[in-house]
Amino acid sequence: MGKGDAVVVGGGLAGTLAAGALLGHVDTVTLVERDRYPEQPAFRKGVPQGRHLHVFLSGGRRALEELFPGLNGELEAAGAHRLEAPRDVITKGGNGWQRRFHEGRHATTSCTRALFDATVRARVLAEAEGSGTRVEVLQGTEAIGLLGDADRVTGVRVRARDAGRAERELPADLVVDASGRGSRAPKWLTELGAPAPREEVVDAGIGYCTQEFRPAEPLDMVMVIQPRPDCPRGAAWSPVEGGIWLLTLSGARGQHPPTESSEVPGFVKSLDEPALYEHLLTCEPVSPPYGFRDTSNRRRHYDAPGGVPEGFLAVSDAACTFNPIYGQGMAVAALSGLALRGCLSEGGLRPGFAASAQRVVARASDTAWLTAVGADRPYATDADATPPGAAERLRSWYFGRLADRAAIDPVVGAAFRDVTYLAAGPSRLLSPSVALRTVLLPRARGLPDPPLRVES
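Nothing here was measured: the structure is a model prediction, and the numbers come from that model.

Undergrad: Lay out the overall build of the chain with the relevant residues and their values.
TA: For the chain, the helix and strand inventory stands at 13 helices and 22 strands. Its C-alpha radius of gyration of 22 Å places the chain within 12% of the 23 Å reference for a compact globule of 456 residues. Overall size of the chain, expressed as C-alpha extent along the three principal axes, is 65 × 45 × 40 Å. Taking all 456 residues of the chain together, the buried fraction comes to 56%. Once local pairs closer than 6 in sequence are excluded, the contacts in the chain between residues at least 24 apart make up 72%.

Set out below in structure tokens:
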């Protein structure tokens, strides 16, 4: 008896990781990708954020290593940078700079999105050999609808993007939507008579831009300047492969960063951090700044009772997408892939699989959703934004005090990084030692100047 066939809509990182999670648990996986993959790592139109700064937070690194042992090492061998926080990453929050010391708990990976995608894709396709699952990649092909009815999805309708525009049907026992924040699955489901998922939206109106530079003398640290209500502008300065550093600038409504190269230094100067501004003046720009403004946090509650028909599953950005400025998306894609594999290990594509898998995959997004929405809520003024409830207002008050204390307090800081790096759930922030220090001690002040040396 066969294990069943799967179609994954979207061949980016989330779709590739979902296909990897399916290996050994289904007979075939068909990966449907609108673009054609470049022969070498390069930007492609189907990844609109591809030119911007991407990191694998430590929770995502651990999930990736569990899915594909040694893959983090492969990324580093290809030129990715392994960075430890807070030793290699200095951060300025609303109350000043965080202390810089060797904690040894959290490592992140920094490289271009193109290198991430190409390395993961090559590993997944290599793993397919000998897995018992045949993988077919349909490049230059777009999904245009679902097959089935309100109770069960039975496949996908696709169309080639070449001159012929030929259409065909792909039958499947499971359709995984990994098509990203632009997913059309809600519309497709209503066309089958199924309800569209309830949505939550929190949009801070943040825009950002990224420009590549080549430093004459690279820094030994990443610099992150977070926006704050009195100055809703921010910046991140981080290395990628090939001796290149990426400068990502962000700003809320009315404070969006420039997309003209000549205006970038002035925006950086407005952040009032001379160390970054003066360093930038010694660097050679090697690309124009590229802008991006589709940064709303949006959660589609496919995990609600009756939220998905049998045979359909939405993962990563297709179900829950975050403001990209927080760098959570790739880690959540890896955590979602690991959650999917865990569900498959319990019995494959059994009856009721879609609903149970959707709940487990949704939980992989919970921590990222809470932290991103908590950070963006102060700037979310749109009338159509989902209003905060009493519980969220209390969380925001507590999280604000905790974030301030984390800048200087090793106990609170360790818990803060465990959660914001997606290595632990939010309950970590409520442990007695953390809660007492957060609530009872005075609201903390960070360091007035960037810590350019690691504390001994």
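Undergrad: Give me the pairing of strand 10 (residues 153-160): which residues, what numbers.
TA: In this structure, strand 9 (residues 141-148) lies alongside strand 10, joined through seven bridges in antiparallel fashion. Its bridge partner being in strand 10, A143 is matched across the sheet by V158. Pairing analysis gives five bridges linking strand 10 to strand 11 (residues 167-171), with the strands arranged antiparallel. Along strand 11, the bridge assignment pairs V158 with R168. Connecting strand 10 to the next strand, strand 11, in antiparallel fashion are six residues, including R165 with a positive phi near 50 degrees.

Undergrad: Break down the sheet that holds strand 13 (residues 199-202) for me, citing the residues and quoting the values.
TA: As summarised here, the arrangement of the three strands in space is 13-20-22, forming an open sheet in which the pairing is antiparallel. Across the chains shown, the open sheet's two edge strands, defined by having one partner strand only, are strand 13 and strand 22 (320-321). Relative to strand 20 (residues 297-300), strand 13 runs antiparallel, the two sharing four bridges. Each residue of the ladder has a partner; that of E200, found in strand 20, is R299. With respect to the sheet, helix 10 (residues 366-376) is in contact with strand 13, strand 20 and strand 22, its orientation differing from that of strand 20 by roughly 140 degrees.

Undergrad: Could you give an account of the packing of aromatic side chains, with specific residues and numbers?
TA: With the rule as written, the count across this model stands at six aromatic pairs. Aromatic pair Y208 and F292: ring centres 5.6 Å apart, planes at 45 degrees, arrangement tilted. Here Y208, found in strand 14 (residues 207-215), pairs with F292, found in strand 19 (residues 290-292); they are 84 residues apart in sequence, far enough to count as distant. Each ring, one from Y302 and one from F312, has its centre 5.8 Å from the other, and the planes form 55 degrees; the classification is tilted. On the criterion of sequence distance, the pair formed by Y302 in the loop between strand 20 and strand 21 (312-314) and F312 in strand 21 is long-range, its members being ten residues apart. The exposure classification of Y302 matches that of F312, with both residues buried. Over the ring of F43 we find R51, and its NZ or CZ is 3.9 Å from the ring centre. The ring of Y37 carries the charged tip of R121 above its face, separated from the ring centre by 3.8 Å.

Undergrad: Describe the sheet that holds strand 11, with residues and values.
TA: Pairing between the strands of a sheet comes from backbone hydrogen bonds, and it takes one of two forms, parallel or antiparallel. With respect to topology, three strands assemble into an open sheet ordered 9-10-11, the strand pairing being antiparallel. Single-partner strands in this sheet number two, and they are strand 9 and strand 11. Between one strand axis and the next, the sheet turns through 30 degrees on average, direction left out of account.

Undergrad: Tell me about helix 2 (residues 58-67), residues and numbers included.
TA: Counting buried positions over the ten residues of helix 2 gives seven, a clear majority of the element. For helix 2, the set of buried residues is S58, G59, G60, R61, A63, L64 and L67. For helix 2, the elements touching its buried residues are helix 1 (13-22), strand 3 (54-56), helix 3 (71-77), strand 4 (81-85), strand 7 (106-111) and helix 8 (329-345).

Undergrad: Before we move on, could you go through the pairing of strand 12 (residues 174-177) and cite the residues and values that matter?
TA: Neither face of strand 12 is exposed, since L174 and V176 on one face and V175 and D177 on the opposite face are all buried. The pairing of strand 1 (residues 5-9) with strand 12 spans four bridges and is parallel. The residue of strand 12 that forms the bridge with V7 is V175. Note that strand 12 and strand 21 share three bridges and pair parallel. Pairing of V176 across the sheet is with L313, part of strand 21.

Undergrad: Outline the pattern of salt bridges, listing residues and values.
TA: In this structure the tally under the stated criterion is 28 salt bridges. With a shortest N-O distance of 2.9 Å, R44 and E33 are connected by a salt bridge. Pair noted here: R44 is in the loop between strand 2 (28-32) and strand 3 and E33 is in the loop between strand 2 and strand 3, with a separation of eleven residues, a long-range link. Relative accessible area serves as the criterion here: at 9%, R44 is assigned to the buried category. The salt bridge partner of R159 is E167, with a shortest N-O separation of 3.8 Å. Residue E167 is classed as exposed on the basis of its relative accessible area of 52%. A single network of salt bridges, built from pairs that share partners, joins R34, E142, R159, R165 and E167.

Undergrad: Could you give an account of the packing of helix 2 against helix 8, naming the residues involved and the relevant values?
TA: Across the interface, helix 2 lies against helix 8 with an axial gap of 8 Å and an inter-helix angle of 40 degrees. It follows from the interaxial angle that helix 2 and helix 8 lie oblique. Crossing hand, helix 2 versus helix 8: left-handed. Contacts between helix 2 and helix 8 involve G59, G60, A63, L64, E66 and L67 from the former and A331, A334, L335, G337, L338 and R341 from the latter. Residue composition of the contact of helix 2 with helix 8, by class: seven nonpolar, three polar and two charged.

Undergrad: Run through the nonpolar core, naming residues and quoting values.
TA: Taken as a class, soluble globular proteins show a tendency for nonpolar side chains to be buried jointly. In this structure, L17, L22, V176 and L340 are the most contacted members of the largest nonpolar core, which totals 44 residues. Counting residues per element, this core draws most heavily on helix 8, which supplies eight residues. Among all residues touching V176, those that are not within four sequence positions of it are V7, V8, V9, A18, L22, L313 and V315. Of all hydrophobic cores here, the second largest spans 23 residues; its members include L170, V175, Y302 and A314.

The rules behind each value
Residues numbered from 1 in each chain as written. Predicted model: local features only at pLDDT ≥ 70, side-chain atom pairs only at ≥ 80, totals over all residues. Heavy atoms only, no water. Helix = DSSP H or I, 4+ residues; strand = E, 2+ residues; numbered from the N terminus. Rg over C-alpha atoms; globule rule 2.2 N^0.38 Å. Buried < 20%, exposed > 50% of the residue type's maximum accessible area, 1.4 Å probe, protein only. Contact = heavy atoms within 4.5 Å. Pairing = 2+ DSSP bridges. Axes fitted to C-alpha atoms, helices over the stretch in contact; angles between N-to-C directions. Phe/Tyr/Trp six-rings, centres within 6.5 Å; stacked < 30°, edge-to-face > 60°. Lys NZ or Arg CZ within 6 Å of the ring centre and 35° of its normal. Salt bridge = Lys/Arg side-chain N within 4 Å of Asp/Glu carboxyl O. Parallel < 35°, antiparallel > 145°, perpendicular 65-115°, else oblique. Left-handed = near helix turned anticlockwise from the far one by under 90°. Nonpolar A, V, L, I, M, F, W, Y, C, P; charged D, E, K, R; others polar. Core = buried A, V, L, I, M, F, W, Y, C linked by side-chain atoms within 4.5 Å.

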